[in-house]
Amino acid sequence: MKKIISFIGARPQFIKEALLGRRVRERKAWEHVLVHSGQHYDLRMSDIFFQELGIPQPAYHLGVGSGSHAAMTAQTMLALESVLVQEKPDALLVYGDTNTTLAGALVACKMDIPVIHVEAGIRMLPENMPEEINRRIVDRVSSVLCCCSEVARQNITREGISRGVFVTGDIMYDIFLQMRPLFPADGMLKNLAVRRSGYVVVTMHRNYNVDCKERLEAVLAGLEAIAQSGLEVLFPVHPRTRKRMQEFALEHVAPHVRCLDPLGYLELMALVENASFVITDSGGLQKESYYAGKRAIVIMPDSGWRELVDTGWNTLCAPDAQELQKAVAGLDLTVRPPADVYGSGNAADAIIEAVAATLSI
Ligand code: UD1
């Protein structure tokens with residue numbers, strides 16, 4: 001049986017791995033060896049996902065932790081290289097666009113180990129965002145590129161990449177559908193004392209927004225205005241954002257916004273499914289809101305999930321208090337979501353088949 005190392009390290013990757021890893025094991029498609037870089041390491045950023053989603057303990061934990069981009073990427077590369085030398089896998093599978101993804105792809109391709117990129121072909125401005133740099137490089141060195149949509153495939157075709165490209169649909173839709181019956185909606189609404197559709201869920205952690213004091217302050221001011229207008233604003237705060245709020249002394253500018261600790265997948269989805277709408281700069285949550293039938297205001301100059309913006313379902317908004325209030329006022333909450341934008345919930349099987357076809361597994 002062939003051996004593939006699945007290399008994960010950050011929150012969105014745990015969610016995707018939960019589903020794909022399980023399906024690979026069910027189908028005995030290949031020997032699936034899990035390696036965790038340690039980029040995310042907290043109980044709330046890492047462990048909770050393993051517990052909730054039943055992800056097996058990784059065979060290796062590289063313990064890389066936080067640091068500058070260069071330090072994090074370099075340490076991950078060094079630690080992963082030893083694992084690849086020892087394990088001699090037939091391929092390395094990476095997800096998305098984090099520093100873990102980049103480090104994994106660089107090490108493997110230099111060792112002549114084929115790279116499988118799940119969520120290939122996403123492109124968004126500004127081009128100098130860390131995630132965008134990571135995406136472009138990883139797509140360039142990958143042998144199997146699994147795209148969530150036709151738009152993603154066209155993005156990489158335009159860059160001259162056409163071999164090994166597959167439109168598989170979005171694996172986050174698979175897991176959303178499978179886990180939906182387990183979303184603890186009643187418990188969450190009760191614990192937080194909110195009523196269905198009486199609140200908005202906010203997440204924000206992109207360095208584009210939170211590493212800039214003016215942008216972060218402006219968004220917090222916009223959220224405060226929404227909270228004062230009568231909608232509850234629930235804001236599970238990412239550690240990066242929490243740190244910046246402290247550094248910039250912005251912890252008290254939005255007293256009516258309810259800042260929470262980061263949530264697990266099931267808890268967050270339970271809240272999203274019962275929210276009025278969502279405000280976010282997260283790539284994953286833009287799609288998950290759509291899967292839950294909720295509209296999202298996206299606080300970014302562009303979205304990798306173009307289909308959701310082009311169909312008018314999601315709305316781009318500048319990090320500005322007035323613009324945010326305008327976007328909220330302009331939301332029509334009665335329209336129906338567009339159908340099947342990212343496949344029909346069988347992306348895991350499509351990815352397994354794409355890998356098998358390309359790497360003769
Ligand atoms: C990373 C990814 C981003 C992904 C996001 C999901 C990169 C460049 N970015 O961003 O694409 O959407 O993860 O969450 O890889 N921290 C903790 N505990 C943790 C992890 C981080 O406190 O478990 C703190 C660290 O001190 C760090 C900060 O959060 O300074 C940011 O973490 P980092 O891994 O740099 O990137 P994210 O902002 O999480």
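Summary of the structure given here.

Basis of the calculations
- Residues numbered from 1 in each chain as written.
- Predicted model: local features only at pLDDT ≥ 70, side-chain atom pairs only at ≥ 80, totals over all residues.
- Heavy atoms only, no water.
- Helix = DSSP H or I, 4+ residues; strand = E, 2+ residues; numbered from the N terminus.
- Rg over C-alpha atoms; globule rule 2.2 N^0.38 Å.
- Buried < 20%, exposed > 50% of the residue type's maximum accessible area, 1.4 Å probe, protein only.
- Areas by Shrake-Rupley, 256 points an atom, 1.4 Å probe, with all protein chains shown as cover.
- Lys, Arg positive; Asp, Glu negative; His and termini not counted.
- Charge placed at Lys NZ, Arg CZ, Asp CG, Glu CD.
- Contact = heavy atoms within 4.5 Å.
- Salt bridge = Lys/Arg side-chain N within 4 Å of Asp/Glu carboxyl O.
- Polar contact = N/O pair within 3.5 Å; in protein donor to acceptor, adjacent residues only side chain to side chain.

With respect to the overall build of the protein
Scanning the protein for helices and strands turns up 16 helices and 13 strands. For 361 residues, the compact-globule estimate of 2.2 N^0.38 gives 21 Å, and the protein sits close to it at 20 Å. Seen through its C-alpha atoms, the protein measures out along the principal axes to roughly 60 × 40 × 40 Å. Relative to its full complement of 361 residues, the protein shows a buried share of 60%. Surface accessibility of the protein: about 14600 Å² in total, with carbon and sulfur atoms responsible for 50%. Taking the average location of the 37 positive side-chain charges in the protein and that of its 42 negative ones, the two points are 2 Å from each other.

Some details on the environment of F235
Tracing the sequence through the fold places F235 in strand β9 (residues 232-236). The exposure class of F235 is buried, given its relative accessible area of 0%. Distance from F235 to D349, taken between C-alpha atoms, is 34 Å for residues 114 residues apart in sequence. Ignoring anything within four residues of it in the chain, the contact list for F235 reads V202, T203, M204, L220, L223, T241, V257, R258, C259 and L260.

Observations regarding the pattern of salt bridges
Counted according to the given criterion, the structure contains 27 salt bridges. Its salt-bridge partner being E132, residue R136 comes within 2.8 Å of it at the nearest N-O pair. Residue R136 and its partner E132 are both found in helix α5 (residues 130-141); the two are separated by four residues, about one turn of the helix. By relative accessible area, R136 is classed as partly exposed at 29%. Since its relative accessible area comes to 0%, E132 is described here as buried. In this structure, D186 and R196 form a salt bridge, with 3.3 Å as the shortest nitrogen-oxygen distance. With D186 in helix α8 (residues 185-192) and R196 in the loop between α8 and β8 (199-203), the pair connects residues that are 10 residues apart, well separated along the chain. Connected via shared salt-bridge partners are D97, R123, E127, E132, R135, R136, D139 and E159.

Comments concerning the side chain of H238
Topologically, H238 is positioned in the loop between β9 and α11 (239-247). For H238, a relative accessible area of 10% puts it in the buried group. Within polar-contact distance, the side chain of H238 engages the backbone nitrogen of R240 at 3.0 Å. Those residues in contact with H238, other than ones at most four positions away along the chain, are R11, H40, M45, M204 and H205.

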